[in-house]
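Geometric and topological summary
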Amino acid sequence: MAKKHLYLTICCFVLLCGCQHNNKTSLSNQNDSSNIISSNQYSEDDKIDITSLNVTKGRYSEHDNTIVHYTSEEAKTIVSASSDYKISDDCYFNIPKTINHVSTFVKRYPEHDELYDFYRSYMIMYKYLFADDAFDDNNLFFFGKNSNGSEGYDKVKTIGKNFIDFLSEEKKNVYYMFYSPYFYEEQPLSTDSRNHFLELSSPVGTIMANFNKGILAEYISNLNQTPNNKFLETYTLPYMFSARDSATGELVGFENDRCSIDSDEKYTMLDGKELSVKDAVKFFEDYINTLPYPENPNLDIKVTSVTAEDIDNGKHCYSFNCTTEFEGIPFDHTHYGTYIINTGNNGYESSVRMGYMSVSDDVDAVYGFCRKVDISEKSDEKRIVSLEDALKCCENSLTEYIDWELHSAELVYCAGNETEAQSPYQYREYTVSPCYKFILYNSNDALCYSAYVDAITGEFSHYYTTKASEEE
């Protein structure tokens, strides 16, 4: 139990560090900010019967920014003509050939919802994800700051036993809610060995947003002859599991194939059905980008790389690395197969976004489906420097006499200077601008260099180094 609490606490601190607090204490009804009522008007009777909720599919974000991308062959031709860079066999390109506009803006996370709104949104998300599963109030927990004004944090509490206590908290003090039948050792085991885990921060759809349907976790636990490993099934995503050699019992990991996200190659899933890489990527993106919350998203989840992992003698799951997009342009993210060494204050945001599909018709687990930020001071630019000019700028700015190998080229949004957000916002804010991002490999020091050229001014911005992993 101590390990569970510590793990969740660490996750909360990491993802919610630097938060600033709002002093509002009143509660509002769903979608009616003018109807303010005090928390003592709620009673146990206001608990939501999840079976009575109306749940509808959400939608992609709305934006008007027509983009036509270069094909890989077109981009390779430009790189070859404009630089001396070698091009890796699996080089990834996401470069616009034509684009309506790019933007500069300030980005911050929205302030917390009122607690009853948070609670209701959470229940709708649970019903959407686990439509056929029973719900137990005693398995729904919340975690937040001490309400007595002292430093430190309360223990995790179950809302089933502390509903009024939950609603009496100030919204700034409740960081997140999560559902798990297996969080406490003393909780009775479900008759269904598969766990149902959903963890959301306020407002729903921002910052901390994770779920695990337990399909892959249950399969691998049974495969390893360690069923009902409650701690792993409660929080840890499937990538934390490993296969065991049936003879020695030693962890051996999984065989995996890195795939192009538009590949037509098909793999057999755990349900015995075949699913192509391209169709899996589309299914995953459509599923995440049409979740019920946030109600008015301005970001979309975009898959940047995918692997097919052989779980059990030719039965696979797909593993997706993702980033968020704003108006069709992705935010900066790590490249597959590299580990960050030192980024400094250069705009890389360390939020992890990943997901899994282990059957052909469902998404199994997701970490970080955050699709809403507050954007201000937005300014649109109709023109950006050409890919050719960005390549020349990058080549002239980095060390000469090195045989650079290009691993990826993208147009991304980079978060620059970090400042304290103004009240009533809870978190720090970032200035954001568009950059060409080139990942270049230097065989002399076995490092990857992520180099950035400002897409509006054409000036070299910065670079940082990473080391290539064993997958590269």
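Residues numbered from 1 in each chain as written. Predicted model: local features only at pLDDT ≥ 70, side-chain atom pairs only at ≥ 80, totals over all residues. Heavy atoms only, no water.

The final tally for this structure, using the stated rule, is 17 salt bridges. A salt bridge links Lys278 to Asp264; the nearest nitrogen and oxygen atoms lie 2.8 Å apart. One end of the pair, Lys278, is in helix H7 (residues 277-288); the other, Asp264, is in the loop between strand E12 (255-259) and strand E13 (266-268), with 14 residues separating them in the sequence. When its relative accessible area of 53% is taken as the criterion, Asp264 is described as exposed. Here Asp332 and Lys437 are joined by a salt bridge, their closest N and O atoms 2.7 Å apart. With Asp332 in the loop between strand E17 (329-330) and strand E18 (338-342) and Lys437 in strand E23 (residues 429-442), this residue pair connects regions lying 105 residues apart in the sequence. (Salt bridge = Lys/Arg side-chain N within 4 Å of Asp/Glu carboxyl O. Helix = DSSP H or I, 4+ residues; strand = E, 2+ residues; numbered from the N terminus. Buried < 20%, exposed > 50% of the residue type's maximum accessible area, 1.4 Å probe, protein only.)

Our next topic: the packing of helix H2 (residues 72-82) against helix H8 (residues 387-397). Describing two packed helices takes the angle between their axes plus the distance from one axis to the other. Look at H2 against H8: their axes get within 9 Å of each other, and the N-to-C directions meet at 45°. Taken as axis vectors, H2 and H8 run oblique relative to one another. In this structure, the crossing between H2 and H8 has a hand that is right-handed. Touching Ile78, Val79 and Ser82 of H2 are Leu387, Glu388, Leu391, Lys392 and Glu395, all from H8. Each residue belonging to the contact of H2 with H8 can be placed in one class, and the counts come to four nonpolar, one polar and three charged. (Axes fitted to C-alpha atoms, helices over the stretch in contact; angles between N-to-C directions. Parallel < 35°, antiparallel > 145°, perpendicular 65-115°, else oblique. Left-handed = near helix turned anticlockwise from the far one by under 90°. Contact = heavy atoms within 4.5 Å. Nonpolar A, V, L, I, M, F, W, Y, C, P; charged D, E, K, R; others polar.)

Here the residue pair Ser202 and Pro203 is connected by a cis peptide bond, since its omega of -5° sits within 30 degrees of zero. By the element assignment, Pro203 lies in the loop between strand E10 (197-201) and strand E11 (209-212). Of note, the bond from Tyr293 into Pro294 is cis; its omega dihedral lies within 30 degrees of zero at 0°. One non-glycine residue, Glu327, adopts positive backbone phi at about 50°. Among the structural elements, Glu327 can be located in the loop between strand E16 (315-326) and E17. For Ala446, which is not glycine, the phi dihedral falls at a positive 55°. Mapped onto the fold, Ala446 is located in the loop between E23 and strand E24 (447-454).

With twelve residues, H7 extends 17 Å between its outermost C-alpha atoms, agreeing within 8% with the 16 Å of an ideal straight helix rising 1.5 Å per residue. Every buried residue of H7 is accounted for by Val277, Ala280, Val281, Phe284, Glu285, Tyr287 and Ile288. Buried residues of H7 fall within an arc of 165° about the axis and therefore sit on the same side. (Expected span 1.5 Å × (residues − 1). Arc of directions from axis to C-beta.)

Our focus in this paragraph is the side chain of Asn94. Residue placement: Asn94 occurs in strand E4 (residues 86-94). With relative accessibility at 13%, the residue Asn94 sits in the buried group. With sequence-adjacent residues up to four places away left out, Asn94 is seen in contact with His69, Pro330, Ala409, Glu410 and Leu411.

So, about the state of the cysteines. In protein structure, a disulfide is the covalent linkage between the sulfur atoms of two cysteines. For the coordinates displayed, the defined rule picks out zero disulfides. Cysteine Cys435 shares no disulfide, and the gap to the nearest cysteine sulfur, in Cys414, comes to 3.9 Å. On the accessibility criterion, Cys435 (3% relative accessible area) is buried. (Disulfide = S-S within 2.5 Å.)

We now examine the packing of aromatic side chains. Applying the stated criterion to the full structure yields 28 aromatic pairs. Here the aromatic rings of Tyr176 and Phe178 are separated by 6.0 Å at their centres, their planes lie at 40°, and the arrangement is tilted. Looking at Tyr176, the relative accessible area reads 0%, which means it is buried. Centre to centre, the rings of Phe331 and Tyr413 are 5.9 Å apart; their planes meet at 45°, and the pair counts as tilted. In this pair, Phe331 sits in the loop between E17 and E18 while Tyr413 sits in strand E22 (residues 405-419), placing the two residues 82 residues apart along the sequence. On the accessibility criterion, Phe331 (2% relative accessible area) is buried. Under the relative-accessibility criterion, Tyr413 is labelled buried at 0%. Every member of this aromatic cluster is reached through a ring pair, and the members are Tyr42, Tyr116, Tyr119, Phe142, Phe163 and Phe166. The ring of Phe331 is capped by Lys107, whose NZ or CZ atom sits 4.7 Å from the centre of that ring. (Phe/Tyr/Trp six-rings, centres within 6.5 Å; stacked < 30°, edge-to-face > 60°. Lys NZ or Arg CZ within 6 Å of the ring centre and 35° of its normal.)

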